[in-house]
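Structural features, examined
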Amino acid sequence: MADQTHVLFVEDDDVIREATQLALERDGFVVTSMPDGLSGLEAFRADRPDIALLDVMVPGLDGVSLCRRIRDESTVPVIMLSARADSIDVVLGLEAGADDYVTKPFDGAVLVARIRAVLRRFGHAGGGDRAEPGASPAGGVLTFGDLEIDTEGMEVRRARQPVALTPTEMRLLLEFSSAPGTVLSRDKLLERVWDYGWGGDTRVVDVHVQRLRTKIGQDRIETVRGFGYKLKA
């Protein structure tokens, strides 16, 4: 059996927290659950989990602020939990560095599927599943103006200075760099980068593209209105 994956789950609702922890443990995950953001941050620093599930509305330190604190220290994958699909909190969580989000109330099987999809992108086993390699360009260094992408060392440099990317941002950049000048639709990026075998919220793509632009240059990724995005060759 693969090594068990450690999940940090921060949720203030006792019923949801206990039921979700039991469901995740039945699927082979090791779960540390906390009722508020401050204890969640302490648990993160003490345990260094493989993935964090953070409810947006928790006391002490809200989920968005907790995500930002985690992202300052680590590239560990983060999934936000929000009670409203159209809430501004969803976008704020993604902008803070979250890799994905799930809307409450959620089905346990859907949550597990989303966790495993994120873990596959990050190279973790995910509750007993073996990691599956994602598509990436052939080995070597790709150059686009002052941007250099080392596809073997998984390193990015801009004007010879290293650029720190999260694994999701790196996967997104690799998809763009594998087909420079080609328009990639949001749905296609959801499928390839987020491993969605079903329809997903394209805001996840839009926010990650914006985050990537701030790191590699605002003009490097072009928006093609009504179609998607492309990397300028």
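Since we're looking at a predicted model, the values are computed, not measured.

Re the pairing of strand β7 (residues 147-150)
Along a regular strand, successive side chains alternate from one face of the sheet to the other. Alignment of strand β6 (residues 141-144) against β7, held across four bridges, turns out to be antiparallel. Bridge assignment links Leu142 to a residue of β7, and that residue is Ile149. Taking the residues that link successive antiparallel strands as the turn, the β6-β7 hairpin has two residues, and the phi of Gly145 there is positive, at about 65°. Direction of pairing for β7 relative to strand β8 (residues 155-158): antiparallel, over a ladder of four bridges. From the neighbouring strand, Ile149 faces β8, where its bridge partner is Val156.

Quick word on the sheet that holds β6
In a beta sheet, neighbouring strands are held together by backbone hydrogen bonds and run either parallel or antiparallel to one another. The four strands lie next to each other as β6-β7-β8-β9, forming an open sheet whose pairing is antiparallel. Edge positions in the sheet fall to β6 and β9 (161-163), since each of these pairs with one other strand and no more. Within this sheet the neighbouring strands show an average axis-to-axis angle of 25°, counted without direction. Helix α6 (residues 167-178) contacts β6, β7 and β8 of the sheet and is inclined by roughly 105° relative to β7.

Overview of the packing of helix α5 (residues 108-122) against α6
Between α5 and α6, the shortest axis-to-axis distance is 9 Å and the interhelical angle comes to 70°. In this view, α5 runs roughly perpendicular relative to α6, as classed from their interaxial angle. Contact with α5, carried on its side by Arg120, Arg121 and Phe122, involves Pro167, Thr168 and Arg171 of α6 and no other residues of that element. Residues belonging to the contact of α5 with α6 are distributed by class as follows: two nonpolar, one polar and three charged.

Observations concerning the sheet that holds strand β3 (residues 51-55)
If you trace the five strands from one edge of the open sheet to the other, you get β2-β1-β3-β4-β5, paired in parallel fashion. Two strands lie at the open edges of the sheet, namely β2 (30-34) and β5 (100-103), each paired on one side alone. On average, each strand axis in the sheet is inclined to that of its neighbour by 20°, with strand direction left out of account. In this structure, strand β4 (residues 78-82) lies alongside β5, joined through four bridges in parallel fashion. Within the sheet, the bridge partner assigned to Leu81 lies in β5 and is Val102.

Some words on the nonpolar core
Side chains that are nonpolar tend, in soluble globular proteins, to be buried together. Counting residues in hydrophobic clusters, the biggest one holds 49 residues, and the most contacted among them are Leu54, Met80 and Phe176. At six residues, the largest contribution of residues to this core is made by helix α8 (residues 203-216). When near neighbours in sequence (up to four residues on either side) are disregarded, Phe176 contacts Leu184, Leu189, Val209, Leu212, Ile221, Tyr229, Lys230 and Leu231.

Conventions we followed
Residues numbered from 1 in each chain as written. Predicted model: local features only at pLDDT ≥ 70, side-chain atom pairs only at ≥ 80, totals over all residues. Heavy atoms only, no water. Pairing = 2+ DSSP bridges. Helix = DSSP H or I, 4+ residues; strand = E, 2+ residues; numbered from the N terminus. Axes fitted to C-alpha atoms, helices over the stretch in contact; angles between N-to-C directions. Contact = heavy atoms within 4.5 Å. Parallel < 35°, antiparallel > 145°, perpendicular 65-115°, else oblique. Nonpolar A, V, L, I, M, F, W, Y, C, P; charged D, E, K, R; others polar. Core = buried A, V, L, I, M, F, W, Y, C linked by side-chain atoms within 4.5 Å. Buried < 20%, exposed > 50% of the residue type's maximum accessible area, 1.4 Å probe, protein only.

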